[in-house]
Every structure is written in C-alpha cells, then in structure tokens.
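The primary structure of each chain is shown beneath.
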Amino acid sequence: KRSEKEIQELREKAREILTVKSKVYASKLGVSFNKIRIGNQKTRWGSCSSKGTISYNWKLVLMPDEIMDYVVVHELCHLLEMNHSPRFWQLVEEVLPDYKAYRTWLKRHGHEY
C-alpha cells in the first residue's frame, strides 16, 4: 500500500505528464480543453465533460507510455464526438493506429493498478 506522500507525488507527476500529452494531442486533433483534473476514480481511467474538462486517473502514470497516450487521445476525441460511434473510433485510429492493442491491454491489465 502506498503512503499518502507517495500518492501525492504520483498525482503531481501524473498531472505534469498528462498535461503535456494532452496539449500535444489536442494540437494534433485541432481541439482545445478547458482544464485537466487528476482524480482517483474507481471505475474509469478518464472522462471528458461537455464543458471541456478532461479528468484522468492518477494511476495512469504507473502504466506504459502508450497506454497513457491511448487514454489521452480517447478523451480528447470526445471533444469532437461525445459518444463511442464509428466516427469516434475512426478519430482515435487516425491518431493512434494501434489503439485496439492498447485498449485490450487496459482491459486485461488495468485492474492490476
């Protein structure tokens, strides 16, 4: 079990890394977000509000880089499509052609974090 201090440090690291990744991918997608929240959600890795707030789970920082990229791209694509329609997945695939492998990895291994 992690100490509160360790969790706080990981949350700060997550904010730094996920903010940079969000800016990079937002630029590629031609979207902008209002703010980033770092939380400790029990059932999700990220979410996107209609007001442009992107929320990420701090535990993403413990995962491989490409998994973080996948969650970032997934949430940013919701700024264009607030659903999981074929158009949404097409947008994800345009940025991350291997997204299906990352999605599968997250489903298989996410519970380990």
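Here we summarise the structure given alongside this text. (Residues numbered from 1 in each chain as written. Predicted model: local features only at pLDDT ≥ 70, side-chain atom pairs only at ≥ 80, totals over all residues. Heavy atoms only, no water.)

Under the criterion given, the structure shown has 4 aromatic pairs. Considering the side-chain rings of Y70 and Y99, the 6.5 Å spacing of their centres and the 15° angle between planes classify their relative orientation as stacked. Of the two residues, Y70 is situated in helix α2 (residues 65–77) and Y99 in helix α4 (residues 99–109); the sequence distance between them amounts to 29 residues. By relative accessible area, which is 5% here, Y70 ends up buried. With centroids separated by 5.3 Å and ring planes inclined at 15°, the aromatic side chains of W89 and Y99 adopt a geometry described as stacked. Here W89 is found in helix α3 (residues 86–95), whereas its partner Y99 is found in helix α4, with 10 residues between them in sequence. (Phe/Tyr/Trp six-rings, centres within 6.5 Å; stacked < 30°, edge-to-face > 60°. Helix = DSSP H or I, 4+ residues; strand = E, 2+ residues; numbered from the N terminus. Buried < 20%, exposed > 50% of the residue type's maximum accessible area, 1.4 Å probe, protein only.)

Before going further, it helps to spend a moment on the sheet that holds strand β1 (residues 35–39). Read across the sheet, 3 strands follow the order β1-β3-β2 without closing on themselves; strand pairing throughout is mixed. Each of the sheet's edge strands pairs with one partner strand only, and the pair in question is β1 and β2 (46–48). Averaged over all pairs of adjacent strands, the angle between their axes in this sheet comes to 15°, without regard to strand direction. Helix α1 (residues 4–29) contacts β1 and β3 (53–57) of the sheet and is inclined by roughly 145° relative to β1. Sitting on the sheet, α2 touches β2 and β3, and the angle it makes with β3 is about 155°. (Pairing = 2+ DSSP bridges. Axes fitted to C-alpha atoms, helices over the stretch in contact; angles between N-to-C directions. Contact = heavy atoms within 4.5 Å.)

Time to look at the environment of K5. Here K5 lies in helix α1. Looking at K5, the relative accessible area reads 60%, which means it is exposed. In this structure the side chain of K5 is engaged in a polar contact, spanning 2.6 Å, whose partner is the side chain of E9. (Polar contact = N/O pair within 3.5 Å; in protein donor to acceptor, adjacent residues only side chain to side chain.)

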